[in-house]
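Overview (structure and organization)
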Protein chains: 2
Amino acid sequence: MNIDDRKRIILEAVIKDYVKTAEPVGSRAIAKKYNLGVSPATVRNEMADLEEMGFLEQPHTSSGRIPSESGFRYYVDYMMVKDQLTRQEESFLEQILTQKIEDISAVIQRTADILAKFTNYASIMVAPPATTDNLRHIQLVPIGHSQALVIMVSDVGGVVHKRIDLPESIRPEDLEQLSQLFNSNLHGNPKDISRTMLSSLRTELLYRRQVIERALEAIEMAMGGGYQQKVFISGALNIVNQPEFKDFDKLRNLLLVLEEHDLIRNLLSESSLKEVRIKIGNENEAEEIKELSLVFSSYEVEGREKGRIGLIGPVRMEYWKASASVEKVRDIVQDVIKKIN
Amino acid sequence: MNIDDRKRIILEAVIKDYVKTAEPVGSRAIAKKYNLGVSPATVRNEMADLEEMGFLEQPHTSSGRIPSESGFRYYVDYMMVKDQLTRQEESFLEQILTQKIEDISAVIQRTADILAKFTNYASIMVAPPATTDNLRHIQLVPIGHSQALVIMVSDVGGVVHKRIDLPESIRPEDLEQLSQLFNSNLHGNPKDISRTMLSSLRTELLYRRQVIERALEAIEMAMGGGYQQKVFISGALNIVNQPEFKDFDKLRNLLLVLEEHDLIRNLLSESSLKEVRIKIGNENEAEEIKELSLVFSSYEVEGREKGRIGLIGPVRMEYWKASASVEKVRDIVQDVIKKIN
DNA sequence: ATTAGCACTCGACCAAAGAGAGTGCTAACA
DNA sequence: TGTTAGCACTCTCTTTGGTCGAGTGCTAAT
């Protein structure tokens, strides 16, 4: 059976209606609202065909149809036209996202908030690891009796710190001296610090071995991704309003998922994606979100991926708006980060 | 009318039962379960009295009684014996909260998580402002074209950073020099940096005025509490399970409150409290949480308050367990922070 | 290929009925 | 005087049955 134009119109009609109302839609409503010039009976026949093809389904015999997940998939792949944000919307986003930049994580947080408010779904931002590859500054600061803080500043302005233990014999002056040593090495090398350099440093300086070892551990951990990327979520409340979560178990499950940052991080960790990707319901591998959809992308600066950005919502989602919003906001964030840089 | 022993026993029975089941409790159940040696009829009379006194109320004519907020209040004030945590529970808490300490905010986060898991309510931690009063180290790190990061390390090991703009003319070496200047001043003064010192510094060094001004602004902001104390919330999900939130509007409201960190911070900001304080329902001033109860305290180190710790839950709360847990966890956190110090 | 007509299905809504839990009151009792 | 048994009453919750309406599938006519 082939999908002809009329079938497509009907499929689209069912999707749009269902997305809006969350109710099954009937043949009569479609025939009337999208005035196709045919009677409900004809629409019914077509819908029966669409059901056979797997694009629609019936909750019960004799209720209207709702789109199946494959229906959504087909629509998204072959029919959907991404929303065009209006000039106003675009400039609103740009304005609010570029005002007074401080901390990169503040930028990420704000972006998450805005994206959520704008779309009415829950937004997810996976932040750039505080230090990506290059360090700009390292500082050892003594605290307490026999501890020090290793403070690392990345070239993007991210700050990471880690506490390390020290042998009692070390004096503050020694730490200062070590810091300078680290930093002179950083500045000397035009490509900033790199892992190979670290290991040569390590062998060179034996006399402060313990301290250096521990500091290097901290540094390597920071650079090797030992620090997990932080996940920001915003607008969890938006989803509570969706009728599909009137069921308490589902709601609880959803909120649980949103608190599981590890899971979320994995969900979005598809390898390399420049485009906006959409995962509908069961297309997700994690059991916990098989009733939800994801719309996500990654943001990168100078060809290097910095983090992920996405939306999570019910399967009945306005994919056209969601993907347009994700795309636009992603672009803006990229610019903002580039500027910070 | 006076409250005699039997009335108290009955009040306690109603509270314990209601807290457990969330259902009104009847005279028969009480007479039987707490075998008072009197008939339900007698209990009924007593309950009528308690109702008259305002300690109990009836949802509808002829359903069992439930404790009123004043009932809870009376119980909490005059009758409650705080739970004694078992040895096992105590050592469990101690063990899990003292293992490998890194970052202070990691400690706070973990504490919030444990407290929530342990009590099954939502926990709130108001973190110490990253820099309380004393700075241990200041570092200016250049980033990007004409910006620098002011990194401040407090004596507790908290790290705060703020981005400032620079005049183009400043070179990295200048910043390093300034950092050293700041720090030599820090080290020279045994009481670490203080606000008065800051202003003298400011007048002394006119030649790098712009940079210094901005750095000092950042520093003052950090020290003057310009940075708000961070609020950590954990276990919001626990509350979703409580039957009082089967009503969707209430649930939404609750989740909304939990996202309003500013509000939360204020809720706990009662002036100086060493003891665990309990606020029941309408005793709270904020409209939004008049259907919730708070159990909270502050943690301090060496007589100086560092932050707040608390639980938020339904009015029907196990105050005896909640306050015992808050107290114990607060003590542990104080120790941990002292040790970090 | 389309459509009108019709019987049928199924959920939503509503009212009535009955069960169950618990009360308040009265009268009897120790 | 305090306690209790007894009883009528109240109110909620659940079940049941009936009706309504939306929507379908099928068949026969166009």
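The paragraphs below set out a description of the structure included in this document. Since this is a predicted model, take the numbers as computed values, not measurements.

Quick look at the overall build of chain A now. Scanning chain A from N- to C-terminus turns up 13 helices and ten strands. Residues counted as buried form 52% of the 341 residues belonging to chain A. Contacts in chain A between residues far apart in sequence, at least 24 positions, make up 62% of those at least 6 positions apart. Entry remark: accessible area of chain A is about 15900 Å², with carbon and sulfur atoms responsible for 46%.

Interface extent is often summarised as the accessible area lost during association of the parts. Contacts between the two partners involve 38 residues from chain A, matched on the other side by 39 residues from chain B. Interface area, chain A with chain B, both sides summed: about 3200 Å², of which 62% is carbon and sulfur. The three residues of chain A that bury the most area against chain B are A:Arg163, A:Leu237 and A:Phe248, which together make up 20% of that side's buried surface. Counting across the chain A and chain B interface gives zero salt bridges. Taken together, the links from chain A to chain B amount to four residue pairs in polar contact (both at pLDDT 80 or more). Elements with a minimum of two residues in the side of chain A that touches chain B: β4 (135-143), β5 (147-154), β6 (159-165), α7 (172-188), α10 (236-240) and α11 (248-259) of chain A. Of the residues contributing to the side of chain A that touches chain B, the split by class is 18 nonpolar, ten polar and ten charged.

The subject of this paragraph is the protein's contact with DNA strand D. In the region of DNA strand D, 20 residues are neighbours, and A:Ser27, A:Met47, B:Arg6, B:Thr42 and B:Ser62 sit closest. Separating a phosphate oxygen of DNA strand D from a side-chain N or O atom of A:Ser27 is a distance of 2.5 Å. At a separation of 3.4 Å, a base oxygen of DNA strand D approaches a polar side-chain atom of B:Arg44. The element contributing the most residues to the surface near DNA strand D is helix α3 (residues 40-53) of chain B, with four residues. Here the surface near DNA strand D is composed, by residue class, of three nonpolar, 13 polar and four charged.

Relative to chain B, chain A is turned by 179 degrees and slid 0.0 Å along the rotation axis, the superposed coordinates differing by an RMSD of 0.1 Å. Such a combination of rotation and displacement between the chain copies is what one expects of a two-fold axis. Residue by residue, 100% of the interface of chain A is reproduced at the interface of chain B, so both copies engage with the same surface.

What follows concerns the side chain of A:Ser123. Residues and elements named next belong to chain A. Inspection of the secondary structure puts Ser-123 in strand β3 (residues 122-126). Among the polar contacts listed, one links the side chain of Ser-123 to the backbone oxygen of Ala-112, at a separation of 2.6 Å. The contact partners of Ser-123, leaving out residues within four places of it in the chain, are Ala-112, Asp-113, Leu-115, Ala-116, Phe-232, Ile-233, Ser-234, Gly-310 and Leu-311.

The subject of this paragraph is the pattern of salt bridges. All names here are of chain B. Following the criterion strictly, the structure yields 40 salt bridges over all chains and no others. As a salt-bridge pair, Glu-51 and Arg-65 come within 2.7 Å of each other at their nearest N and O atoms. Of the two residues, Glu-51 sits in helix α3 while Arg-65 sits in the loop between β1 (56-57) and β2 (66-67), which places them 14 residues apart along the sequence. Taking relative accessible area as the criterion, Glu-51 reaches 27% and is therefore assigned partly exposed.

What follows deals with helix α6 (residues 104-119) of chain B. Residue and element names in this part refer to chain B. Given a rise of 1.5 Å per residue, 16 residues ought to cover 22 Å, and the 23 Å separating the end C-alpha atoms of α6 matches this to within 8%. Within the sequence span of α6, burial applies to Ile-104, Val-107, Ile-108, Thr-111, Ala-112, Ile-114, Leu-115, Ala-116, Phe-118 and Thr-119. Positive backbone phi, approximately 70 degrees, marks Asn-120, located one or two places after α6.

Here we take up the sheet that holds β5(A). All names here are of chain A. Pairing is antiparallel in the open sheet, where three strands are placed in the order β4-β5-β6. Unpaired on one side and paired on the other, β4 and β6 mark the two borders of the sheet. Here the strands of the sheet are splayed against their neighbours by 20 degrees on average, with no regard to which way each runs. Alignment of β4 against β5, held across eight bridges, turns out to be antiparallel. The partner of Ile-138 across the bridge, within β5, is Met-152.

Next up on the list: the protein's contact with DNA strand C. As a matter of local geometry, DNA strand C sits amid 20 residues, with A:Thr42, A:Ser62, B:Ser27, B:Met47 and B:Arg65 nearest to it. At the protein interface, 78% of the atoms of DNA strand C within 4 Å belong to sugar or phosphate. Between a phosphate oxygen of DNA strand C and a side-chain N or O atom of B:Arg65, the distance comes to 3.0 Å. Contributing elements (two or more residues each) for the surface near DNA strand C: α3 (40-53) of chain A together with α3 of chain B. In the surface near DNA strand C, the residues fall into three nonpolar, 13 polar and four charged.

What follows covers the packing of aromatic side chains. Each pair of aromatic rings is reported with the distance of its centres and the angle of its planes. Applying the stated criterion across every chain, the model contains nine aromatic pairs over all chains. Here A:Phe248 and B:Phe248 contribute two aromatic rings whose centre-to-centre distance is 5.6 Å and whose plane-to-plane angle is 90 degrees, an arrangement assigned as edge-to-face. Of this pair, A:Phe248 sits in helix α11 while B:Phe248 sits in helix α11 (residues 248-259), each in a different chain. Its relative accessible area of 21% is what places A:Phe248 among the partly exposed residues.

What follows covers a negative patch on the surface. All names here are of chain A. On the surface, a cluster of negative charge is made up of Glu-259, Glu-260, Glu-287 and Glu-288. Following the sequence through the fold, Glu-259 ends up in helix α11. A residue is classified by how much of its surface remains accessible, and Glu-259, at 43% relative accessible area, is partly exposed.

It is worth spelling out the sheet that holds strand β9 (residues 292-301) of chain A at this point. All names here are of chain A. Across the sheet, which stays open at both edges, the five strands sit in the order β7-β3-β10-β9-β8 with antiparallel pairing between neighbours. One side of each edge strand has no neighbouring strand; the edge strands of this open sheet are β7 (231-234) and β8 (277-280). Each adjacent strand pair in this sheet contributes to an overall mean axis angle of 20 degrees, direction not counted. The pairing of β3 with strand β10 (residues 304-314) spans five bridges and is classified as antiparallel. Counted as the bridge partner of Ala-122 is Ile-312 from β10. Contacts between helix α13 (residues 319-340) and the sheet are confined to β8, β9 and β10, with β9 contributing the most and set at about 25 degrees to the helix.

Cut-offs used in this document
- Residues numbered from 1 in each chain as written.
- Chains lettered and ligands numbered in written order.
- Predicted model: local features only at pLDDT ≥ 70, side-chain atom pairs only at ≥ 80, totals over all residues.
- Heavy atoms only, no water.
- Helix = DSSP H or I, 4+ residues; strand = E, 2+ residues; numbered from the N terminus.
- Buried < 20%, exposed > 50% of the residue type's maximum accessible area, 1.4 Å probe, protein only.
- Contact = heavy atoms within 4.5 Å.
- Areas by Shrake-Rupley, 256 points an atom, 1.4 Å probe, with all protein chains shown as cover.
- Buried area = accessible area lost by both parts, 1.4 Å probe.
- Salt bridge = Lys/Arg side-chain N within 4 Å of Asp/Glu carboxyl O.
- Polar contact = N/O pair within 3.5 Å; in protein donor to acceptor, adjacent residues only side chain to side chain.
- Nonpolar A, V, L, I, M, F, W, Y, C, P; charged D, E, K, R; others polar.
- Near = heavy atom within 4 Å.
- Least-squares fit on C-alpha atoms with pLDDT ≥ 70 in both.
- Expected span 1.5 Å × (residues − 1).
- Pairing = 2+ DSSP bridges.
- Axes fitted to C-alpha atoms, helices over the stretch in contact; angles between N-to-C directions.
- Phe/Tyr/Trp six-rings, centres within 6.5 Å; stacked < 30°, edge-to-face > 60°.
- Patch = residues over 30% accessible without salt bridge, like charges linked within 9 Å, V, L, I, M, F, W, Y side chains within 5 Å.
- Lys, Arg positive; Asp, Glu negative; His and termini not counted.
- Charge placed at Lys NZ, Arg CZ, Asp CG, Glu CD.

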